[in-house]
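Fold and contact review
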Amino acid sequence: MTPVARITRDEVAHVAGLARLRLTDEELERFTEQLGTVLDHAADVASLDLAGVPRTAHAMAVTNVLRPDEPRPSLDREEVLRSAPAVESNRFRVPRILGDAP
Amino acid sequence: MTEAPGTSPGPAASAAAIAADVRSGRRSASAVTEQSLAAIAAGDGEVNAFALVTADSARRRAEEIDARVAAGADPGPLAGVPVALKDNLCTRGVPTTCCSRILDGWCPPYDATVVERLAAAGAVVVGKSNMDEFAMGSSTETSAFGPTRNPRDTSRVPGGSSGGSAAAVAAGFTPIALGSDTGGSVRQPAALCGVVGMKPTYGTVSRYGLVAFASSLDQVGPLAATVADAALLFDIIGGHDERDTTSLDRPAPRLASVVDQGVDGMTIGVLAEYLEGADPAVAGRIAQAAEVLAAAGARVEEVSVPEVRLGLSAYYLIAPAEASSNLARYDGVRYGLRVDAEDTVEMNVATRSAGFGAEVKRRIMLGTYALSAGYLDAYYGQALRVRTRIIDGFAVAYERCDALLGPTAPTTAFELGAKLDDPLSMYLSDVCTIPSNLAGHPAISVPFGTGSDGLPVGAQVLAPALAEATMFKVAAVLEAGAPVGGAA
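Conventions adopted
Residues numbered from 1 in each chain as written. Chains lettered and ligands numbered in written order. Predicted model: local features only at pLDDT ≥ 70, side-chain atom pairs only at ≥ 80, totals over all residues. Heavy atoms only, no water. Helix = DSSP H or I, 4+ residues; strand = E, 2+ residues; numbered from the N terminus. Rg over C-alpha atoms; globule rule 2.2 N^0.38 Å. Buried < 20%, exposed > 50% of the residue type's maximum accessible area, 1.4 Å probe, protein only. Contact = heavy atoms within 4.5 Å. Domains from an automatic or database assignment. Buried area = accessible area lost by both parts, 1.4 Å probe. Salt bridge = Lys/Arg side-chain N within 4 Å of Asp/Glu carboxyl O. Polar contact = N/O pair within 3.5 Å; in protein donor to acceptor, adjacent residues only side chain to side chain. Pairing = 2+ DSSP bridges. Axes fitted to C-alpha atoms, helices over the stretch in contact; angles between N-to-C directions. Nonpolar A, V, L, I, M, F, W, Y, C, P; charged D, E, K, R; others polar. Right-handed = clockwise from strand over helix to strand, strands pointing away. Core = buried A, V, L, I, M, F, W, Y, C linked by side-chain atoms within 4.5 Å. Phe/Tyr/Trp six-rings, centres within 6.5 Å; stacked < 30°, edge-to-face > 60°.

Side note on the overall build of chain A
Helix and strand counts for chain A stand at three helices and two strands. The order of α-helices and β-strands along chain A, N terminus first, is α-α-α-β-β. Taken against the 2.2 N^0.38 rule, which gives 13 Å for 102 residues, the C-alpha radius of gyration of chain A at 23 Å runs more than 25% over that of a compact globule. Evaluated residue by residue, chain A yields a buried proportion of 28% over its 102 residues. Sequence-distant contacts, at least 24 apart, represent 37% of the contacts inside chain A between residues at least 6 apart.

Below is the structure:
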């Protein structure tokens, strides 16, 4: 594998956007340094020659997990909605999703 | 019954002894519960093991159990035993926050499977224990409710992320507790607080109702003052659950009765790589632990599994990658915090930026980066290949050995604040626990004397997948042979 370049401040800002986080300038500065240090440590993994080694996503993988298709009670709607930040007509209420037509 | 090591200031009675007394009517569940609540009231101001003490519901529950005993019924193998639950285990109608502002006040509409099983066994939940936010940390300092302090020395951290559960047992607030272990979060705090903590084989304990951090690594595990109590608790929480699709379809474990069977004839490998970075006093205790096992009839030899050196790097790519996906659900829509804004995306951003602490943001970004275009194979893909290599490395060692021995943590408990702003240094305290999570194997930490600073050292026993019986037998021999006080 080719070594990976150190993470930049712009990349951290981009990644924060992908993760729907807004960082202050001070956080951006600090996280760029800290993530760089952790990723430097991970460089030993990134630079290994592991061609042909299979990936393990689950150490104790199980497949085709089935159960009888029987109706059973679901979560109580009122109890679920009680924990919601905003509710309207038995639904989760959110701010507008779509913008004005261009 | 195995006695707790002599240095332990833990509870006077084991969980098994309490349950026996309550079932036979010698002691009431109410009296046991009052004793636990009084100990918490007296000591938890300083320790801060609990995010929430559920005194009223604990008293009601204890009365129910006493009524059942009076009526001639058997409330179960944990009758009247006080238990602390890590605050990432869902409890119906009782706040479950993962010690994060983003879930402040959230009351789940269901119980975790392990919580149901504890209730069915007669246990009394006295509170939700403090933890690193979303279980991301090794010191219980990233909790939104403030840090937990180590009951052995309150200037020190209890370890983490299940630091509240470990401290509750070490302080004698409860004889048993549940934690979760994604990279060592049960075993490392157990070691630092001088109690027993165990991570089961992946899939043997249901994750239903455990708030997800890194789903391929997370397992719920018991903390206790004795190995026998840890086995008892594992027997109760273990076993198949159809509500967790990663749950292994196997009979429930029944190991409490095999714990005392000894190690005669076993081959136990001392894992050389785990001693490389260890404090000399910690390494000295592990050498002493090896002698205890040899004296008990085990063949002890040095073993090398070089692949485990790559565990830390692989873990800090895999776990954040899974976390970045799992924590996408905290969007301010269905539960927890919402910071209002003009539109929904702006609301998501404002909510997550205000609700997550620094360590959680770091891990989400690390994981998002490791999964992002251009880096996916270099980081995440490589880490998954390393995971295969670690499993293969352990398999070679287990061709010759029944179990492996090493320290749980490279040092004893460190000072509060010492590593909080140095993530890599904090992550390194999990270097000896992470490989078991990556491999899915069971491992247990047993108190084994103290370091040069007088603080507890944990000896870790690792075993192959599903070999919990072997692991508990080795642990019990170490417990019985643990040095009482004194420096190494």
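Brief notes about the domain arrangement of chain B
Residue and element names in this part refer to chain B. The assigned domain composition of chain B is domain 1 (15-306 + 392-481) and domain 2 (308-388). For domain 1 versus domain 2, the distance between C-alpha centres works out to 26 Å. Between domain 1 and domain 2, the residue contacts involve 36 residues of the former and 30 residues of the latter. Of the roughly 3000 Å² buried between domain 1 and domain 2, counting both surfaces, carbon and sulfur atoms make up 62%. When the buried surface of domain 1 facing domain 2 is broken down by residue, Ile102, Tyr427 and Leu438 rank first, second and third, together holding 25% of it. On inspection of domain 1 and its partner domain 2, the count reaches one salt bridge. Arginine 309 is the partner of glutamate 276 in a salt bridge, and the nearest nitrogen-oxygen pair spans 2.6 Å. At the boundary of domain 1 and domain 2, one finds 18 residue pairs in polar contact (both at pLDDT 80 or more). Secondary-structure elements contributing two or more residues to the side of domain 1 that touches domain 2 are helix 8 (272-276), helix 13 (376-400), helix 14 (423-427) and helix 15 (434-439).

Quick look at the pattern of salt bridges
Counting across every chain of the model gives 28 salt bridges over all chains. Close ionic contact of A:Glu27 with B:Lys361 constitutes a salt bridge, the shortest N to O distance being 3.2 Å. Of the two residues, A:Glu27 sits in helix 2 (residues 25-46) while B:Lys361 sits in helix 12 (residues 358-370), which places them in two different chains. As far as the burial class goes, A:Glu27 and B:Lys361 line up, both buried. Between B:Arg26 and B:Asp21 there is a salt bridge, with its nearest N and O atoms 2.9 Å apart. One continuous salt-bridge network, built from bridges that share partners, spans B:Asp153, B:Arg156, B:Glu415 and B:Asp453.

Details of the sheet that holds strand 2 (residues 82-86) of chain B
Strand pairing in a sheet relies on backbone hydrogen bonds. The paired strands run either parallel or antiparallel. Residue and element names in this part refer to chain B. The eleven strands lie next to each other as 1-3-2-4-6-5-10-11-9-7-8, forming an open sheet whose pairing is mixed. What marks the edges here is a single partner per strand, and that holds for strand 1 (50-53) and strand 8 (299-303). Mean inter-strand twist for the sheet, computed between neighbouring axes without regard to direction, equals 30°. Examined bridge by bridge, strand 2 and strand 4 (residues 176-181) share three bridges and lie parallel to one another. When the bridges of strand 4 are listed, leucine 85 appears paired with leucine 178.

As for the interface of chain B and chain A
Contacts between the two partners involve 71 residues from chain B and, on the opposite side, 54 residues from chain A. When the two sides are added together, the surface that chain B and chain A hide from each other amounts to roughly 5700 Å², 66% of it contributed by carbon and sulfur. A per-residue breakdown of the area chain B buries against chain A is headed by B:Met365, B:Tyr369 and B:Gln382, which together make up 12% of the total. Our count for the chain B to chain A interface comes out at five salt bridges. Notably, a salt bridge pairs B:Glu242 with A:Arg72, separated by 2.7 Å at the nearest N-O pair. Run the count over chain B and chain A and you get 25 residue pairs in polar contact (both at pLDDT 80 or more). Looking at which element gives the most residues to the side of chain B that touches chain A, the answer is helix 13 of chain B, with 13 residues. Tallied by class, residues from the side of chain B that touches chain A come to 39 nonpolar, 16 polar and 16 charged.

A closer look at helix 5 (residues 163-170) of chain B
All names here are of chain B. Within helix 5, eight of the eight residues are buried, leaving the element largely enclosed by the surrounding structure. All buried positions along helix 5 are accounted for by Gly163, Gly164, Ser165, Ala166, Ala167, Ala168, Val169 and Ala170. Backbone geometry just after helix 5 places glycine 172 at a positive phi near 80°.

Describing the pairing of strand 3 (residues 124-129) of chain B
Residues and elements named next belong to chain B. Where burial is concerned, most of strand 3 is hidden: five out of the six residues are buried. Of the strand pairs in this sheet, strand 1 and strand 3 are connected by three bridges, and their pairing is antiparallel. Residue pairing in the sheet places valine 53 in a bridge with glycine 127 of strand 3. Across five bridges, the pairing between strand 2 and strand 3 is parallel. Residue pairing in the sheet places valine 83 in a bridge with valine 125 of strand 3. This β-α-β element, strand 2 to helix 4 (residues 113-120) to strand 3, shows right-handed connectivity.

Comments concerning the nonpolar core
Within the largest apolar cluster, 90 residues are counted, with the highest numbers of intra-cluster contacts made by B:Leu78, B:Leu118, B:Leu405, B:Phe472 and B:Leu478. The element contributing the most residues to this core is helix 7 (residues 227-237) of chain B, with eight residues. Those residues within four positions of B:Leu405 in sequence are excluded, and the remaining contacts are B:Ile268, B:Gly269, B:Val270, B:Leu271, B:Ile286, B:Ala289, B:Ala290, B:Leu293, B:Ala459, B:Gln460 and B:Leu478. Grouped together as the second largest cluster of nonpolar side chains are 82 residues, A:Leu50, B:Ala135, B:Ala323 and B:Cys432 included.

Structural notes on the packing of aromatic side chains
Residues and elements named next belong to chain B. Counted under the stated rule, the structure contains 14 aromatic pairs over all chains. Measuring from ring centre to ring centre gives 6.0 Å for phenylalanine 134 and phenylalanine 356, while their planes differ by 70°; the resulting arrangement is edge-to-face. Of this pair, phenylalanine 134 sits in the loop between strand 3 and helix 5 while phenylalanine 356 sits in the loop between helix 11 (344-355) and helix 12, and the two are 222 residues apart along the sequence. Classification of phenylalanine 134 as buried rests on a relative accessible area of 3%. You can call phenylalanine 356 buried: its relative accessible area is 1%.

Topic: the side chain of B:Ser324
Residues and elements named next belong to chain B. Relative to the helices and strands, serine 324 resides in helix 10 (residues 311-326). Overall, serine 324 belongs to the buried group, its relative accessible area being 12%. Polar side-chain contacts of serine 324 include one of 2.8 Å to the backbone oxygen of alanine 321. Ignoring any residue separated from it by four or fewer positions in sequence, one finds serine 324 in contact with Ile364, Gly367, Thr368 and Leu371.

Focus: unusual backbone geometry
All names here are of chain B. The linkage connecting glycine 160 with the following residue, serine 161, adopts the cis geometry, with an omega of 10°. You will see that cysteine 98, though not glycine, has its phi angle at about 55°, which is positive. Classification of cysteine 98 as buried rests on a relative accessible area of 1%. Within the chain, leucine 466 stands out as a residue other than glycine whose phi angle is a positive 70°.

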